[in-house]
Amino acid sequence: EAYLNAIRVARSRIRIANAYFLPDGKLRQQLADASRRGVRVQVIVPQDSDVRIVYHASRHTYDELLAAGVEIHEYRGRMMHAKAAVIDGTWATVGSFNLDQRSFHHNLEAGVQVVDAAFAAQVEAQFERDLVNCERGELAAWRRRAWHARLREELSHLFAWWL
């Protein structure tokens, strides 16, 4: 709830790096709403994942987010395992939790939330370093991906509650 509240009150920027980014409808709506009200929303996700079904299920959510103006950046390096966020350069969180149903409802996860500009600046500096190794997703290109990729993503997303 604290994560959602921070997104809800964001005024300038939301930066999220998450290894298993499979946001539920509520979180997708909050991110889309933030983007539509002028908040720059940037999300770094891995371009490749060690859990293929989560990877495909996650990609099923990108169209909705990209259409709302959320920036999706796919990290090209080796396995990205980050789980961090910075909002408005003052609120930051780092922890073991992913933005997926497994972390929200099934796993015992831990995270720290800090309201401190100096700490947030350190997390944001790492975000900037990671962003250099990313490829930004574009809505038009995203919508042109192969039908079998879209089907695989849609079928994988049917299992989102358990992933």
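Rules behind the numbers
Residues numbered from 1 in each chain as written. Predicted model: local features only at pLDDT ≥ 70, side-chain atom pairs only at ≥ 80, totals over all residues. Heavy atoms only, no water. 1 Å grid on protein atoms, 1.4 Å probe; cavity = no way out; pocket = protein on both sides within 12 Å on 5 of 7 lines; lining within 4 Å. Points joined across faces, edges and corners; volume = space filled by probe spheres on them. Helix = DSSP H or I, 4+ residues; strand = E, 2+ residues; numbered from the N terminus. Nonpolar A, V, L, I, M, F, W, Y, C, P; charged D, E, K, R; others polar. Buried < 20%, exposed > 50% of the residue type's maximum accessible area, 1.4 Å probe, protein only. Arc of directions from axis to C-beta. Contact = heavy atoms within 4.5 Å. Axes fitted to C-alpha atoms, helices over the stretch in contact; angles between N-to-C directions. Parallel < 35°, antiparallel > 145°, perpendicular 65-115°, else oblique. Pairing = 2+ DSSP bridges.

What follows concerns empty space enclosed by the protein. According to the stated counting rule, one finds one cavity of 30 Å³ or more in the structure shown. At the level of secondary structure, the elements contributing two or more residues to the lining of the largest cavity comprise strand E2 (40-46) and helix H3 (52-59). Residue contributions to the lining of the largest cavity peak at three residues, all from H3. Class assignment for the residues of the lining of the largest cavity results in eight nonpolar, two polar and no charged.

Our focus in this paragraph is helix H8 (residues 147-157). Side chains three or four residues apart in an α-helix point the same way, a direct result of the helix having 3.6 residues per turn. Restricting attention to buried positions, one finds in H8 the residues Ala149, Glu153 and Ser156. Buried residues along H8 cover an arc of 65 degrees about the axis, so they all sit on one side. Tucked inside the fold, the buried residues of H8 contact H3 and helix H7 (139-143).

So, about the packing of H3 against H8. Running from N to C, H3 and H8 point in directions that differ by 105 degrees, and their axes come no closer than 7 Å. The angle between H3 and H8 falls in the class roughly perpendicular. Contacts from Ile53, His56, Ala57 and Arg59 in H3 reach Arg152, Glu153, Ser156 and His157 in H8. Looking at the contact of H3 with H8, its residues break down into two nonpolar, three polar and three charged.

A positive phi angle, close to 55 degrees, is found at aspartate 88, a residue other than glycine. Within the fold, aspartate 88 resides in the loop between strand E4 (83-87) and strand E5 (91-95).

Strand order across the open sheet formed by seven strands is E6-E5-E4-E1-E2-E3-E7, with mixed pairing between neighbours. Since the sheet does not close on itself, it has two edges, and those belong to strand E6 (111-115) and strand E7 (134-136), each with one partner. Looking at each pair of strands side by side, their axes are set apart by 15 degrees on average, direction ignored. Pairing between E5 and E6: five bridges, direction antiparallel. Paired with glycine 95 across the two strands is glycine 111, which belongs to E6.

Structural measurements only, silent on function.
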